[in-house]
Amino acid sequence: MKPVRLAIAGLTACSGCQLTLLNCEDELADVLRRFELVYFPMAQSGGRKEGPFDAALVEGAVSTPADLDMLFSLRNASRLLVAYGTCAAFGGVAAMNNGQSTREELLRTVYGGQGSLPESFAPAPFGNFVSVDWTIRGCPPEKDEVVELLAALLAGTLPPVRSYPVCTECRSRENLCLLLEKGELCLGPVIQGGCNARCPATGIACEGCRGPVREANVAQELELLLERGFGRDEIERRMNRFKPGWDYGQRR
Amino acid sequence: MEKSFLEATRLNGFLEKLRLFGALHGPTVTDAGVTTFAPVTDPAQLLTDYRRTQIPPKKYLLPFREQLLSYRDGRYAEPAEAPPAIVLFALHPCDLAGIAYLDRVFLGDNTDPGYAARRARLTLVGISCEPDDFCFCSAPDAAANCDAFLATTKNGYLFSALTARGEEIAAAAADLLSASDVSQPAAALQSGTGVAPQDPELRFSDNPLWQKFADTCVSCGACSVCCPTCYCFDVREYPALDGGGVRIREWDNCLFATHGEVAGANFRPTRLDRLRYRFLHKYCGFTPLQGITSCVGCGRCKAVCPVGIDLRELFCAAGGEMSS
Amino acid sequence: MSERVRDMHLPFTARLLERTELTEDTALFRIAPEEAALPQLSRFVPGQFVQISVPGAGEVPISPADLPGGDGTLELCVRRVGHVTELLHQQLPGAPLGIRGPFGNGFPLKEMAGHPVLLLAGGLGIAPLRSLLMHLLRHRDRFGEITLMYGARQPRVMLFREELAALAARGEMRLYLTVDFAPETNGIQSCAVGLLPDLLKGFRFDAAATYAAVCGPPPLYRCLIADLEQAGVASGRIMLSLERRMRCGVGRCCHCGIGQKLCCVDGPVFRAGELKAIPEAL
């Protein structure tokens, strides 16, 4: 069988998503046997970013002209483009202040002084610029979901879609409901599951790293949190941590 | 007089006898404070006067996620799983009624092999209970669908065996049982808990609660995850890196957008459509259980709903009876 | 030990023998199920469905487009629309597939015997009706007049066109084709431009005796039911083949609920009469 040709790359990001793949230690040998890692600058030198690729797994938000060039180049060179991780899918932590501050303010805060500033714009998800064939959510993504995707690529398909909120897995694991029983600022009801409620299982409220679940009842979640005494600012800040631009009136 | 009384002080000895029939599981509490059915290694872990577990005993029959098949070289195979023998102790009548309902669904025509294998290895021991504010069962002492039942009395339990396995338990625990002049409560062996079946037409009633529920439901799935009779499942297939793969099934929820979807269309596009579907399945029944309600009155859905949706309000307001 | 019952979740193996592209997104797949599957499959009644497995993607319910051949081969007309059908369309002859079934009720052939039958197909709805048509033609003497009205978006996506024309030419059935749009200049034999209901309006037939079999996209059903009833066809004789996404096929997963019925066991063929009480069905 012809090996599947992959590009694995990152734009404005922490490289954590790419690292998740390298952390799949039990599977790496199989991955190397069955895939051709044509371009994976984080793990190997001398790759060819011109492709062609069967799939490009790209992490990070788009926030510089260079990011955009890279994104277009990989999109053009690859049959499938995978938004790999929450930054690629929603903007992620880099975009959390998009609604609050101008880009210039942020750049001045970081780079200071009167000197010239690097060219950059408000971090945005891939979907704003190119078509995306598959999305892996999470900050960082679940190893299982990365392996699921790679295995599906080998089989000539994509993984089946799951679309239930964190609460479903959380309740099934018999965790204590942090929202109802402890009155915590838990985003479980509006966040896509698939993480097996990793955080609530250890007593940490869901922070929303996997982005909105399909048809999230955002308005009701907001009401639930307001009723529990959280301020609107605090709630919005938490919700924007991994995905800016929620529609707080959405009930669907 | 028949020896059927188990003094409370002899309960631990009785539990040891139950272990002869399989690994002992019963209501316990987790470190986080959640009531759950779990293995009981030390009788001190057991909660005999609990109210309800978060997840009903259906998890022993239908795990949240279960491998249906594996495949390799294009050929599918069943998993070679041999379920363990388990004694589930201290089940409330509502949960027993829940298992009875699931039995009707999964042990009927085209018996579900995974369910049947696990069910055959499960010994059920019921216990009577005290309803709380969330309960809405109509006959709290009903206990037909178990191997043995313990009706709580002042100083202990009245034991009754309801199946051949129950008789075996009675025989194994014979030295622990004593004669009693307390007679068996009359209702103890009647079945029937929960809410009366409802008129399917009520799904289109003009009750404004429909829209209110549709607006506030967050589709978190807790109501059906925690329902002792919700059994809808999704089936998905995952290839593996080595060329094989597995097909799994996983609990599903009729309130998820995907539930009524086909490629290119959705037959239950809005949350209101899906609530109607839930009402219809829960309180009116589907083929071949039309006219049978699957609500056993355990109160879990009401207890776990983040927005306090109680579908029963729909028919109470419409004139149906509500027994609480 | 009693004989071991086969796990109803376990598909039989089938091989893809041949695929024929019918349109850019629809192909006809001929598959050969393993021998052990043949006793079950030989009980196939037109209108029933099978669950086809494509290893790696999963299962999809499909209503065969013909009766099983003498050698057990089966024809499936499949549009590339979702997760499983995408992968099916990538398969080459020889590829391993899986098959379970048949499931569901199928058309009430015994009851329909002796009556005229009017088949109304819209788009891909021709596939399940083709197996019914083949049954009717194979047992031509058992049925009254057979009429097929088939509407497609445009001539290019009209399925089995030559085959249907040839059958009609044998004089065993009447055939009416219509398309929503037709390119102005084409060399192909023309057919009526218009919707199926338009075709039905001008049709003279023995409505009181007729059984109608309808399959097509959901909006088609509502207007056709009304038109058929108006023409005098009893609602109990209007048979509709409905589409839902059956996961299990045996009445458990509950995705295919239609009112209090389940499409996989009570259907997929329903009578217009029984659907009246289920407004959400169509």
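Counting from 1, residues in each chain are numbered in the order their sequence is written. Chain A is the first chain written and ligand 1 is the first ligand written, with later ones labelled in order. This being a predicted model, a pLDDT of at least 70 is required before a residue's local features are given, and a value of 80 or more before pairs of side-chain atoms are given or counted; all residues contribute to the totals for chains, interfaces and linings. Values reported for side chains reflect all heavy atoms of the structure, with hydrogen atoms and water molecules removed beforehand.

S.K.: What's the story with the overall build of chain A in this structure? I'm lost.
M.R.: A tally of helices and strands in chain A yields nine helices and five strands. Going along the chain from the N terminus, every DSSP run of H or I of four or more residues is numbered as a helix, and every run of E of two or more is numbered as a strand. For chain A, the α and β elements follow one another from N to C terminus as β-α-α-β-β-α-β-α-α-β-α-α-α-α. The C-alpha atoms of chain A give a radius of gyration of 19 Å, which matches the 18 Å a tight globule of 252 residues would have. Projected onto its principal axes, the C-alpha coordinates of chain A cover approximately 55 × 55 × 30 Å. Buried residues are those whose accessible area, probed at 1.4 Å on protein chains only, stays under 20% of the maximum for their type, while exposed residues exceed 50% and partly exposed ones sit between those limits. Every one of the 252 residues in chain A was classed for burial, and the buried ones make up 54%. Between two residues, a contact is recorded if the distance between any of their heavy atoms is within 4.5 Å. Contacts in chain A between residues far apart in sequence, at least 24 positions, make up 74% of those at least 6 positions apart. Summed over its atoms, the accessible surface of chain A is roughly 11000 Å², and 50% of this surface lies on carbon and sulfur atoms. When charges are counted, Lys and Arg contribute as positive and Asp and Glu as negative, whereas His and the chain ends are disregarded. Charge placement uses NZ in Lys and CZ in Arg. For Asp and Glu, CG and CD serve respectively. Each charge sign in chain A was given a centre, from 27 positive and 31 negative side chains, and these centres are 2 Å apart. Every radius of gyration here is taken over C-alpha atoms, with the globule rule written as 2.2 Å times N^0.38, N being the number of residues. Methods summary: accessible areas were calculated by the Shrake-Rupley approach with a probe of 1.4 Å, and residue burial reflects only the protein chains presented.

S.K.: Help me understand the confidence of the model for chain B, please; the structure alone is not making it clear to me.
M.R.: Residues and elements named next belong to chain B. Residues of chain B with pLDDT of at least 70 account for 90%, and the chain-wide mean is 87. Here pLDDT means the predictor's own confidence in every residue, given as a number from 0 to 100. Scored below 50 in pLDDT, residues 186–192 makes 15 contacts in the model with residues more than four places away or belonging to other chains. Contacts from residues 318–324, a stretch scored under 50 in pLDDT, to residues over four places away or in other chains number 13 contacts. Among the prediction metrics, the complex's ipTM stands at 0.92, with pTM recorded as 0.92.

S.K.: Any chance you could explain the domain arrangement of chain B here in plain terms?
M.R.: In many reports, interface size means the accessible area that the parts give up when they come together. All names here are of chain B. Those domain boundaries reflect an automatic or database domain assignment. When its domains are assigned, chain B resolves into domain 1 (3–189) and domain 2 (200–317). One C-alpha centre belongs to domain 1, the other to domain 2; they are set 26 Å apart. Opposite the 37 residues of domain 1 that make contact, domain 2 presents 37 residues. Note on domain 1 versus domain 2: buried area summed over both sides is about 3400 Å², and carbon and sulfur give 61% of it. The salt bridge criterion pairs a side-chain nitrogen of Lys or Arg with a carboxyl oxygen of Asp or Glu, the two atoms within 4 Å. Viewed at the interface, domain 2 and domain 1 are joined by five salt bridges. Ionic pairing is found between Glu 250 and Arg 65, a salt bridge with its closest N-O pair at 2.5 Å. Two N or O atoms form a polar contact when they lie within 3.5 Å of each other; inside protein one atom must be a possible hydrogen donor and the other a possible acceptor, and for residues adjacent in sequence the pair counts only when both atoms belong to side chains. Applying the counting rule to domain 1 against domain 2 returns 19 residue pairs in polar contact (both at pLDDT 80 or more). A simple way to read buried area is as the amount of 1.4 Å-probe accessible surface that goes missing from two parts once joined, with both sides added.

S.K.: I tried to follow empty space enclosed by the protein on my own but got confused; where do I start?
M.R.: Unfilled space is identified by rolling a water-sized probe across the atoms. Residues are said to line a cavity or pocket when one of their atoms sits within 4 Å of a point; the points come from a 1 Å grid over protein atoms alone, cavities being sets where a 1.4 Å probe fits but cannot get out and pockets being open sets with protein on both sides within 12 Å along at least five of seven lines. Grid points are joined across faces, edges and corners, and a volume is the space filled by probe spheres set on the points. Taken as a whole and judged by the stated rule, the model has seven cavities of 30 Å³ or more. Taken as a whole, the largest cavity holds about 310 Å³ of empty space. Residue lining of the largest cavity: 30 residues in total, with B:Cys223, B:Arg278, B:Cys301, B:Ile309 and B:Leu311 positioned closest to the centre. Residue assignment for the lining of the largest cavity shows that the elements contributing at least two residues are α6 (222–225), α7 (271–284) and α8 (300–304) of chain B. Broken down by element, the lining of the largest cavity gets its largest block of residues, four residues, from α7(B). Lining the second largest cavity are 17 residues; nearest its centre among them are A:Cys167, A:Cys170, A:Arg171, A:Cys177 and A:Leu178. Tallying contributions element by element places helix α7 (residues 166–172) of chain A first for the lining of the second largest cavity, with four residues. Only Asp, Glu, Lys and Arg are considered charged in this grouping, and only Ala, Val, Leu, Ile, Met, Phe, Trp, Tyr, Cys and Pro are considered nonpolar; every other residue, Gly among them, is considered polar. A class-by-class count of the residues in the lining of the second largest cavity yields 15 nonpolar, one polar and one charged.

S.K.: In this structure, what is going on with helix α2 (residues 83–90) of chain C? I would like to understand it.
M.R.: Since one α-helical turn is 3.6 residues long, residues separated by three or four positions face the same way. Looking only at α2(C), the buried set comprises C:Val84, C:Thr85, C:Leu87, C:Leu88 and C:His89. Looking at the buried side of α2(C), the elements it contacts are β1 (12–21), β2 (26–33), β3 (49–54), β4 (58–62), β5 (74–79) and β6 (96–103) of chain C.

S.K.: Is there a simple way to explain the interface of chain C and chain B in this structure?
M.R.: Of the residues lining the interface, 41 residues belong to chain C; the matching set on chain B comes to 47 residues. Taken together, both faces of the contact between chain C and chain B bury some 3500 Å²; the carbon and sulfur share is 53%. At the junction of chain C with chain B, the criterion picks out four salt bridges. Measuring nitrogen to oxygen at the nearest pair gives 2.9 Å for the salt bridge that ties C:Arg247 to B:Asp234. Between the two partners, chain C and chain B, sit 22 residue pairs in polar contact (both at pLDDT 80 or more). Elements with a contribution of two residues or more to the side of chain C that touches chain B: β3, β4, β6, β14 (261–262) and α8 (263–266) of chain C. Within the side of chain C that touches chain B, the residues separate by chemical class into 20 nonpolar, nine polar and 12 charged.

S.K.: Mind showing me how you'd approach the pairing of strand β8 (residues 146–152) of chain C here?
M.R.: Look at any regular strand and the pattern is simple: side chains alternate between the two faces of the sheet. Residues and elements named next belong to chain C. Most of β8 sits inside the fold, with seven of its seven residues counted as buried. Along β8, one buried face is formed by Ile 146, Leu 148, Tyr 150 and Ala 152 and the opposite face, lined by Thr 147, Met 149 and Gly 151, is buried too. For two strands to be treated as a pair, DSSP must find no fewer than two bridges joining them. Pairing geometry for strand β7 (residues 117–122) and β8, over six bridges, is parallel. Its bridge partner lying in β8, Val 117 is registered against Ile 146. If you view a crossover with the strands going away from you and the path from the first strand over the helix to the second runs clockwise, you call it right-handed. One crossover worth recording links β7 to the parallel β8 by way of helix α4 (residues 126–138), and it is right-handed. Bridge count between β8 and strand β9 (residues 174–179): six bridges; the pairing is parallel. When the sheet's bridge partners are listed, Leu 148 is paired in β9 with Leu 175. With helix α5 (residues 161–169) bridging β8 and its parallel neighbour β9, the resulting β-α-β unit is right-handed.

S.K.: Honestly, the domain arrangement of chain A in this entry has me stumped. Any pointers?
M.R.: Residues and elements named next belong to chain A. What the domain assignment reports for chain A is domain 1 (4–154) and domain 2 (166–239). Between the C-alpha centres of domain 1 and domain 2 there is a distance of 26 Å. Contacts between the two partners involve seven residues from domain 1, matched on the other side by eight residues from domain 2. Buried area between domain 1 and domain 2, summed over both chains or domains, comes out near 660 Å², and the portion from carbon and sulfur atoms is 41%. The tally of links from domain 1 across to domain 2 stands at two salt bridges. For Glu 145, the salt bridge goes to Arg 210, with nearest N and O atoms at 2.9 Å.

S.K.: I'm lost on α7(B) in this one. Help?
M.R.: All names here are of chain B. One fewer than the residue count of a helix, multiplied by 1.5 Å, yields its expected span. Taking 1.5 Å as the rise per residue, α7 with 14 residues should run 20 Å; its terminal C-alpha atoms sit 19 Å apart, in good agreement. By the criterion of burial, α7 is predominantly enclosed, with 13 of the 14 residues buried. Backbone geometry just downstream of α7 places Gly 285 in the positive-phi region, at approximately 85°.

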